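So the chains spell out like this:
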Amino acid sequence: MKEFLTYLVTGITLGASFALIGSGFVVVHRVTRIVNFAQGSFAIIAAMMAASLLRGRLPHGLAEAAAVLVCGVVGAVVGWVALGRRGTHPLISLIVTLGLSMLVSAAIILLWGQDPVSPPGLRGHVTLLGVDVERQRLLVLLVTLLAFAAVALFFSRTYLGKALTASASNPYAARLVGIDVRRMGLLAFALAGVLGGLAGVLVAPSNALSFSSDLALALSGFAAAVFGGLSSPGRTLVGGLVLGVAGQLTAGYLNGSYQTEVALLLMLLIMIARSRTFVAEEAK
Amino acid sequence: MTRRPSTLLVVVAAVAACIAPLVLSDQTFFVHTVLAAVVVSGLSMLMGYAGQASLGQGAFVAVGALTVALGTTRWGLPPLVVLLLAPLVAGMFATVVGRPLLRLQGHYLAFGTLALLLMVQTAMSSIDALGGAYGVSGIPAFGVGGWTVTDQRPYAYLALACLAVVLWSSARIVDSRFGRAMRALSGSETAAESAGVPVGWTKVGVFALSAAFAGLAGAVTAFFTPYVSADSFPPLESFTYVIMAVVGGLGTIWGGVVGAVVVSVLLQALNTVSSQPGLPPTAAPIIQYAAYGTVLIIALLFLPRGIVPSVGSLRLRRPQGSPA
């Protein structure tokens with residue numbers, strides 16, 4: 001029983017980080033219909049930058065916040081290229097973001113080298129349900145929940161959030177009432193940068209990240225976002241947690257090397273099972 | 001209808017391609033480029049006609065290579081038989097996984113095929129019957145009857161022969177009944193369906209065809225290397241096929257060849273630059289990644305005509321250069 005609880009708790013905290021990256025996919029896809037392959041790269045940039053700033057004697061909190069903000073700017077730049085000219089097909093934009101993620105890899109190696117980096121985080125453990133949990137992992141869960149609440153409030157309660165939703169549901173009508181749809185797209189990308197960066201600074205203290213982690217991060221985030229049909233933040237959170245727990249249970253009871261495959265298989269099954277609704281959504 | 005490049009251009013390219021192996025001292029680059037062209041020709045059809053991107057084409061290259069590796073070392077089949085078997089096995093594998101997978105579209109299919117590649121890699125590295133952690137080594141040299149290949153050069157011609165077969169069959173297929181169905185898809189799936197085109201099966205057909213080409217390339221790679229493991233098919237290589245297809249122009253017979261040659265030559269040139277003495281060891285990966293990214297973005301955003309397919313009408317264009 002204790003074993004099971006351990007897997008459950010670590011799975012939930014791991015899943016929270018998937019969900020955080022997944023929320024970046026959701027925010028961009030909702031507004032622009034683009035799937036941003038560079039979503040995982042934001043996390044790596046933030047982790048590397050936070051590590052450098054902390055070594056430069058910036059205090060905790062400030063260093064992480066600065067790194068996350070920088071990722072917001074990087075996100076906007078990625079969005080500027082990915083949105084391309086008006087009428088660029090979303091599938092073409094996906095391949096453009098694939099190219100951008102490669103450029104980011106080049107920049108990361110140039111600035112920080114090829115070795116994995118793990119900035120210091122919270123130390124120590126706490127006991128939860130009789131299970132030892134690193135405090136850093138609890139922090140991941142806490143911040144993820146806060147971030148999702150903030151995103152939900154932003155979309156439903158603020159004018160800017162409503163403008164974003166309007167651009168998503170009907171770009172033409174949004175343009176008619178004076179919303180700059182392209183600027184909304186850039187804003188969505190910046191927000192995705194912040195969310196991805198947040199995931200990076202939170203995950204890196206427990207799991208070191210290197211330039212080549214982007215594929216794994218992007219895939220796990222995309223898998224979580226698939227649960228929400230790439231448009232629902234709430235279901236993305238659930239998806240991330242399910243994937244995290246399923247992965248940890250597989251790693252614990254079966255074989256650690258199948259952890260990713262279980263996530264991929266779940267993702268494929270859900271995509272195929274829901275393919276009809278997806279097609280309807282894409283056609284909108 | 002496909003506008004064909006002038007016969008002269010094709011003859012010049014073919015002659016140049018046949019002379020090249022005689023001049024080159026090391027065939028590795030040449031063989032890899034020609035085999036990439038084989039894979040990209042299929043991918044270009046899939047992306048151009050079915051309008052679907054595959055980020056995991058390496059999965060089918062792996063199936064082809066594995067067919068050769070296991071066929072020769074475990075079951076003692078003759079090289080020529082496994083070479084012909086490899087595209088069939090890859091095509092059948094694609095038909096089986098394609099039925100559920102092709103219910104996905106666009107982004108979902110792109111990620112779905114990437115997931116497929118990663119799962120094939122895991123299967124190869126964790127199941128001992130498929131090579132396991134050490135891969136399959138000791139693949140015998142290619143040969144027919146009593147004749148066996150002893151140096152690299154014949155592989156260059158074998159790869160060229162495969163490319164010729166692929167290009168010839170592509171041209172035939174595009175003009176066939178199946179080809180017309182395939183081209184109808186690229187316009188509007190709904191229109192194609194109402195005109196009686198079996199949309200589902202046609203898509204699976206294009207998918208299987210592109211997989212068969214990839215399997216053929218994998219088979220020759222397996223003989224050439226001669227070693228096959230899960231790490232032989234990294235996702236980056238599959239992304240490179242997409243770059244080549246996009247750069248060359250999608251849904252054209254010669255686009256795959258042009259893209260493969262242009263991108264390979266560019267990467268090889270940059271590789272030479274980055275391995276110059278005096279540069280830090282990180283220069284190579286930096287230049288490589290930067291080149292991939294830049295080529296892809298520039299091709300997509302600034303050379304959209306003939307390169308952007310699935311958007312609205314499909315434009316077929318003359319290839320911009322000649323394969324060398």
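Residues numbered from 1 in each chain as written. Chains lettered and ligands numbered in written order. Predicted model: local features only at pLDDT ≥ 70, side-chain atom pairs only at ≥ 80, totals over all residues.

Draft legend 1. Just the overall build of chain A, in detail. Looking only at helices and strands, one finds twelve helices and two strands in chain A. Reading chain A from its N terminus to its C terminus gives the helix and strand order α-α-α-α-β-β-α-α-α-α-α-α-α-α. Relative to the 2.2 N^0.38 estimate, which gives 19 Å for 284 residues, the radius of gyration of chain A is 18 Å and therefore close to what a compact globule would have. Projecting the C-alpha coordinates of chain A onto the three principal axes gives extents of approximately 55 × 45 × 35 Å. (Helix = DSSP H or I, 4+ residues; strand = E, 2+ residues; numbered from the N terminus. Rg over C-alpha atoms; globule rule 2.2 N^0.38 Å.)

Draft legend 2. Inspection of the overall build of chain B at higher detail. Of regular secondary structure, chain B possesses twelve helices and four strands. Considering only C-alpha atoms, chain B reaches an extent of 55 × 45 × 40 Å along its principal axes. Across the 324 residues in chain B, those meeting the buried criterion constitute 52%. Considering only contacts in chain B between residues 6 or more positions apart, those separated by 24 or more positions represent 78%. (Buried ≥ 20, exposed ≤ 12 C-beta atoms within 10 Å, placed from the backbone. Contact = placed C-beta atoms within 7 Å.)

Draft legend 3. Just the UniProt feature "transmembrane region" (unreviewed entry) in chain A, in detail. Residues and elements named next belong to chain A. Mapped onto this structure's residue numbering, the UniProt feature "transmembrane region" (unreviewed entry) falls at residues 6-27, 34-54, 66-84, 91-112, 138-155, 185-205 and 262-279. Along residues 91-112, the helical share is 100% and the strand share 0%, with 31 Å between the first and last C-alpha atoms. Taken end to end, residues 138-155 has its terminal C-alpha atoms 26 Å apart, with 100% of it in helix and 0% in strand. (UniProt positions renumbered as here; feature names shortened; annotations may be inferred.)

Draft legend 4. Highlighting the UniProt feature "transmembrane region" (unreviewed entry) in chain B. Residues and elements named next belong to chain B. In the UniProt entry, the feature "transmembrane region" (unreviewed entry) is given for residues 80-102, 108-134, 155-174, 204-227, 239-266 and 286-308. Taken end to end, residues 204-227 is 88% helix and 4% strand, and its first and last C-alpha atoms sit 30 Å apart. As a span, residues 239-266 carries 79% helix and 0% strand, and end to end its C-alpha atoms are 16 Å apart.

Draft legend 5. Broad picture of the pairing of strand 2 (residues 131-134) of chain A. Residue and element names in this part refer to chain A. Bridge count between strand 1 (residues 125-128) and strand 2: four bridges; the pairing is antiparallel. Within strand 2, the residue paired with H125 across the bridge is E134. The turn joining strand 1 and strand 2, which pair antiparallel and follow one another in sequence, is formed by two residues; a positive phi near 55° is taken by L129. (Pairing = 2+ DSSP bridges.)

Draft legend 6. Quick peek at helix 2 (residues 39-55) of chain A. Residue and element names in this part refer to chain A. An ideal rise of 1.5 Å per residue puts 24 Å on 17 residues; helix 2 measures up with 25 Å between its terminal C-alpha atoms. Among the 17 residues that make up helix 2, 14 are buried, leaving the element largely enclosed by the rest of the structure. Note on helix 2: the residue one or two positions beyond its end, R57, has a positive phi of about 70°. (Expected span 1.5 Å × (residues − 1).)

Draft legend 7. Main features of the nonpolar core. Core analysis: the biggest nonpolar cluster contains 208 residues, and A46 of chain A together with V38, V39, A159 and V220 of chain B have the highest contact counts within it. For V220 of chain B, the residues in contact, after removing those within four places along its chain, are L35, Y155, L158, A159 and C162 of chain B. (Core = buried A, V, L, I, M, F, W, Y, C linked by C-beta atoms within 7 Å.)

Draft legend 8. Local environment of the interface of chain B and chain A. In this complex, chain B contributes 35 residues to the contact, which on the side of chain A involves 35 residues. Taken together, the elements giving at least two residues each to the side of chain B that touches chain A come down to helix 5 (106-126), helix 10 (235-248) and helix 12 (283-302) of chain B. Residue classes in the side of chain B that touches chain A are distributed as 24 nonpolar, ten polar and one charged. (Nonpolar A, V, L, I, M, F, W, Y, C, P; charged D, E, K, R; others polar.)

Draft legend 9. Focus on the packing of helix 2 (residues 28-49) of chain B against helix 6 (residues 153-174) of chain B. Residue and element names in this part refer to chain B. At a minimum axis separation of 8 Å, helix 2 and helix 6 run at an interaxial angle of 15°. Comparing their axes, helix 6 and helix 2 come out roughly parallel. Of the two possible hands of crossing, helix 2 and helix 6 adopt the one that is left-handed. Listed contacts from helix 6 to F30, V31, V34, L35, A37, V38, S41 and M45 of helix 2 are Y155, A156, A159, L160, C162, L163, V166, L167 and S170. (Axes fitted to C-alpha atoms, helices over the stretch in contact; angles between N-to-C directions. Parallel < 35°, antiparallel > 145°, perpendicular 65-115°, else oblique. Left-handed = near helix turned anticlockwise from the far one by under 90°.)

Draft legend 10. Broad picture of the environment of A94 of chain B. All names here are of chain B. Structurally, A94 can be placed in helix 4 (residues 79-101). Distance in space between the C-alpha atoms of A94 and F207 is 6.6 Å, their sequence separation being 113 residues. Look past the residues within four positions of A94 in its chain and what remains in contact with it is F60, F207, A208 and A211.

Draft legend 11. How the structure looks around the packing of helix 1 (residues 2-32) of chain A against helix 2 of chain A. All names here are of chain A. At a minimum axis separation of 9 Å, helix 1 and helix 2 run at an interaxial angle of 130°. On the basis of their axis angle, the class for helix 1 and helix 2 is oblique. Classified by chirality, the crossing of helix 2 by helix 1 is right-handed. Facing helix 1, whose interface residues are I21, G24 and F25, helix 2 presents Q39, G40, F42 and A43. Tallied by class, the residues present in the contact of helix 1 with helix 2 amount to four nonpolar, three polar and no charged.

Draft legend 12. Representation of the environment of V120 of chain B within the structure. Residues and elements named next belong to chain B. With respect to the helices and strands, V120 occurs in helix 5. By the C-beta count within 10 Å, which is 23 here, V120 ends up buried. Between the C-alpha atom of V120 and that of A59, which follows or precedes it by 61 residues, the distance is 6.2 Å. Setting aside chain neighbours within four positions, we find V120 in contact with A59 and A62.

Draft legend 13. Looking closely at helix 12 of chain B. For helix 12 of chain B, spanning 20 residues, the distance from its first C-alpha to its last is 27 Å, which sits close to the expected 28 Å at 1.5 Å a residue. Taken residue by residue, helix 12 of chain B has I286, I287, Y289, A291, Y292, G293, V295, L296, I297, A299 and L300 of chain B as its buried positions. Looking at the buried side of helix 12 of chain B, the elements it contacts are helix 3 (62-83) and helix 4 (90-112) of chain A together with helix 10 and helix 11 (255-274) of chain B.

Draft legend 14. Fine view of unusual backbone geometry. All names here are of chain A. A positive phi is found at R57, a non-glycine position, where the angle reads about 70°. Inspection of the secondary structure assignment puts R57 in the loop between helix 2 and helix 3. Judged by C-beta crowding, with 7 C-beta atoms within 10 Å, R57 ranks as exposed. Even without being glycine, L230 reaches a positive phi, approximately 60°. Note that L230 resides in the loop between helix 9 (214-227) and helix 10 (233-253). Note on L230: 22 C-beta atoms within 10 Å, which makes it buried.

Draft legend 15. Structural context of the confidence of the model for chain B. Residues and elements named next belong to chain B. In the predicted model, chain B carries a mean pLDDT of 81, and the fraction of residues at 70 or more is 91%. A low-confidence stretch, residues 306-324 stays under pLDDT 50, and its non-local contacts, those more than four residues away or across chains, total 54 contacts. Both scores are available for the predicted complex, with the pTM at 0.86 and the ipTM at 0.85. (pLDDT = per-residue confidence, 0-100.)

Draft legend 16. View of the environment of S17 of chain A. Locating S17 of chain A in the fold gives a position in helix 1. On the basis of neighbour count, S17 of chain A is assigned to the buried category, with 29 C-beta atoms found within 10 Å.

Draft legend 17. Local environment of the confidence of the model for chain A. On average, chain A scores 84 in pLDDT, and the residues at 70 or more come to 95%. The model gives residues 280-284 of chain A a pLDDT under 50, and that stretch makes three contacts with residues more than four places away or in other chains.

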